[in-house]
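Here's the letter readout for the chains.
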Amino acid sequence: MLSLEKCAAILNRYDYKIDNNTLKELRDYLYSIASLQVMNDDLETDINDFTNILYNKLAI
């Protein structure tokens, strides 16, 4: 996880400044979205693997 200081430095590059509490909330929110995306990607991989196994068995 990026530190608040690193997040603030990234925002400062674009002349965007917010207070630390809002920055922490934003960082946590973005990490939540990223976690959901990773879980979704894992589920899609599992579903694709399962589908491929079934398709290969039926094709034999």
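Please refer to the structure higher up on the page.
Rules used throughout
- Residues numbered from 1 in each chain as written.
- Predicted model: local features only at pLDDT ≥ 70, side-chain atom pairs only at ≥ 80, totals over all residues.
- Heavy atoms only, no water.
- Helix = DSSP H or I, 4+ residues; strand = E, 2+ residues; numbered from the N terminus.
- Buried < 20%, exposed > 50% of the residue type's maximum accessible area, 1.4 Å probe, protein only.
- Areas by Shrake-Rupley, 256 points an atom, 1.4 Å probe, with all protein chains shown as cover.

A. Looking closely at the overall build of the protein. Within the protein one finds 2 helices and 0 strands. Per-residue burial over the protein gives 5% buried out of 60 residues. Accessible surface, the protein: about 5400 Å² in total, of which carbon and sulfur atoms supply 59%.

B. Up close: unusual backbone geometry. Phi angles above zero are rare outside glycine, and D15 is one such case at about 55°. Relative to the assigned elements, D15 resides in the loop between helix 1 (4–13) and helix 2 (20–59). You can call D15 exposed: its relative accessible area is 70%.

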